[in-house]
Amino acid sequence: MNLTVDQVSKTYRDKTAVDRFSVELNEGVYALLGPNGSGKSTLMRMLASVLKPSSGRILLNNRDIDTLGEEYRDVLGYMPQEFGVYNSFTAERFLRYFASLKGLGKKEAEEKVDKLLTLVNLQEDRKRKAGKFSGGMKRRLGIAQALLNDPKILIVDEPTAGLDPKERIRFRNLLSDISKDRIVLLSTHIVSDIELVAKEVLLMKDGFLVKKSSVDELLNEMKGMVWRVFVDDGEAKSLTGRHQVSNVQRTGAGTTLRVISEEKPHTHAENVDPILEDVYVHFFDEGVEADV
Ligand SMILES: Nc1ncnc2c1ncn2[C@@H]1O[C@H](COP(=O)(O)OP(=O)(O)OP(=O)(O)O)[C@@H](O)[C@H]1O
Ligand SMILES: [Mg+2]
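Note that residues are indexed from 1 along each chain, following the sequence as it is written. Throughout, the order in which chains and ligands are written sets their labels, letters from A for the former and numbers from 1 for the latter. For a predicted model such as this one, the threshold for reporting local features is a pLDDT of at least 70, and the threshold for listing and counting side-chain atom pairs is 80 or more; totals across whole chains, interfaces and linings nevertheless cover every residue. Only hydrogens and water are removed before side-chain values are computed, so all heavy atoms of the structure are retained for them.

Considerations on the overall build of the chain
Turning to step 1, where the next piece is worked out: The helix and strand tally for the chain stands at eleven helices and 14 strands.
Turning to step 2, where the next piece is worked out: Counting only C-alpha atoms, the chain reaches 70 × 45 × 35 Å along its principal axes.
Turning to step 3, where the next piece is worked out: In the form shown here, the chain has an accessible surface area of approximately 14400 Å², with 46% of it arising from carbon and sulfur atoms.
Turning to step 4, where the next piece is worked out: Here Asp and Glu are counted as negative and Lys and Arg as positive; His is not counted, and neither are the chain ends. The location of each charge is read from NZ of Lys, CZ of Arg, CG of Asp or CD of Glu. For the chain, the centre of its 43 positive side-chain charges and the centre of its 45 negative side-chain charges are spaced 7 Å apart. Secondary structure elements follow DSSP: runs of H or I of four or more residues count as helices, runs of E of two or more count as strands, with numbering from the N terminus. All accessibility values rest on the Shrake-Rupley procedure with a 1.4 Å probe; residue burial counts only the protein chains present in the view.

Set out below in structure tokens:
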């Protein structure tokens, strides 16, 4: 299976949200990572065929998804970032309703709904109204909804936002399980989601694809560039002014900084192993403010 995004752009009146984005996706989990407003949701909506690109093409196995139409939507599962539930529907009724929209037969739907409620850990709450659910529970219902038709392509926009750690782990395991013969694209700001499941990370900035690499490659490329140094407040200020800083830890005696720099930033600086947060700061230049 191959999903090709070919020079896809989306321009709103005065704003290019996605800018000539090209990528090829195959079976596996891909994490879309980028700051707020970088175009992730816009790209995902186009991939989910709820939004038409201003230009460019999206192809599934060399066929335009626009031409595929219903055939494409049959193999697609999508959970939007702002996932709304019908407040007066119970969890099971909500899923049954979507199952019928997706064309599942009654018996098939019943089995599927039951299985998915277990999968997202909502069995006990299946008869409760979704309007009374917590944010995380609504999200889990959204995930179940996206999986109803056993999609070959699963696009989930910030699926783990608001999930507690236990449910996040459950969701990650679920993704790993189902990704063997599927294309899964998820956007997230949560580093552990990416580290543990993503085959590749797509870094997105200002509508562009900045980089596509595995987590290991990203970390390897930053080897030797991440430093830890303990300094007094004056030096901390000067270092944060000159370098990208991915962490600031203040203690009574001074400040420990995590500095990203090609060259040794300070005589006392020591090299440390990069983590994904360093990668994020490096690419998106959103270092923490030292405030010293
Ligand atoms: N319907 C719209 N009309 C006009 N501009 C829009 C519309 N939707 C999105 N945008 C703009 O497009 C840009 C990208 O938005 P998008 O929601 O795709 O970003 P994002 O990466 O998903 O951000 P976040 O991490 O906050 O979810 C933003 O500048 C946003 O203001
Ligand atoms: Mg978004």
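Notes on empty space enclosed by the protein
Turning to step 1, where the next piece is worked out: Method remark: on a 1 Å grid restricted to protein atoms, a set of points is classed as a cavity if a 1.4 Å probe fits but cannot get out and as a pocket if it is open with protein on both sides within 12 Å along at least five of seven lines; lining residues have an atom within 4 Å of a point. Grid points are joined across faces, edges and corners, and a volume is the space filled by probe spheres set on the points. Within this structure, the stated rule accounts for one cavity of 30 Å³ or more.
Turning to step 2, where the next piece is worked out: If you add up the space inside the largest cavity, you get close to 60 Å³.
Turning to step 3, where the next piece is worked out: What lines the largest cavity is Leu-119, Val-120, Arg-140, Ile-143, Leu-163, Glu-167, Arg-170, Phe-171 and Leu-174.
Turning to step 4, where the next piece is worked out: Elements with a contribution of two residues or more to the lining of the largest cavity: α6 (135-147) and α7 (165-178).
Turning to step 5, where the next piece is worked out: Here the element with the most residues in the lining of the largest cavity is α7; it accounts for four residues.
Turning to step 6, where the next piece is worked out: Basically, the charged four are Asp, Glu, Lys and Arg, the nonpolar ten are Ala, Val, Leu, Ile, Met, Phe, Trp, Tyr, Cys and Pro, and anything else, Gly included, counts as polar. Counted by class, the lining of the largest cavity contains six nonpolar, no polar and three charged residues.

Points about the coordination of the magnesium ion (ligand 2)
Turning to step 1, where the next piece is worked out: Donor atoms: N, O and S within 2.8 Å of the metal, or within 3.2 Å for Na, K and Ca. Because water is excluded, sites can look incomplete. Coordination of the magnesium ion (ligand 2) by the protein is provided by Ser-41 (OG) and Gln-81 (OE1), with metal-donor distances spanning 2.0 to 2.1 Å. Of this pair, Ser-41 sits in helix α1 (residues 40-47) while Gln-81 sits in the loop between β6 (76-79) and α4 (91-101), and the two are 40 residues apart along the sequence.
Turning to step 2, where the next piece is worked out: Per-residue accessibility, obtained with a 1.4 Å probe over protein chains only, is compared with the maximum for each type, and a residue is labelled buried under 20%, exposed over 50%, and partly exposed between these values. Residue Ser-41 is classed as partly exposed on the basis of its relative accessible area, which comes to 21%.
Turning to step 3, where the next piece is worked out: Given the relative accessible area of 28%, Gln-81 is considered partly exposed.

Looking at the layout of surface pockets
Turning to step 1, where the next piece is worked out: Its boundaries defined by the atoms lining it, the largest pocket holds a volume of some 380 Å³.
Turning to step 2, where the next piece is worked out: Contributing to the lining of the largest pocket are 13 residues, with Arg-73, Leu-76, Phe-98, Lys-102 and Gln-145 lying nearest its centre.
Turning to step 3, where the next piece is worked out: When contributions to the lining of the largest pocket are tallied by element, the ones reaching two or more residues are α3 (70-74), β6 and α4.
Turning to step 4, where the next piece is worked out: For the lining of the largest pocket, the residue count by class is six nonpolar, three polar and four charged.
Turning to step 5, where the next piece is worked out: Space inside the second largest pocket adds up to approximately 220 Å³.
Turning to step 6, where the next piece is worked out: If you trace the second largest pocket, you find 14 residues lining it, with Lys-52, Pro-53, Asp-64, Ile-65 and Asp-66 closest to the centre.
Turning to step 7, where the next piece is worked out: Among the secondary structure elements, those contributing two or more residues to the lining of the second largest pocket are β4 (55-60) and α2 (65-68).
Turning to step 8, where the next piece is worked out: Here the lining of the second largest pocket gets three residues from one element, more than from any other, and that element is β4.

So far we have only geometry, and geometry alone does not tell us how the molecule works.
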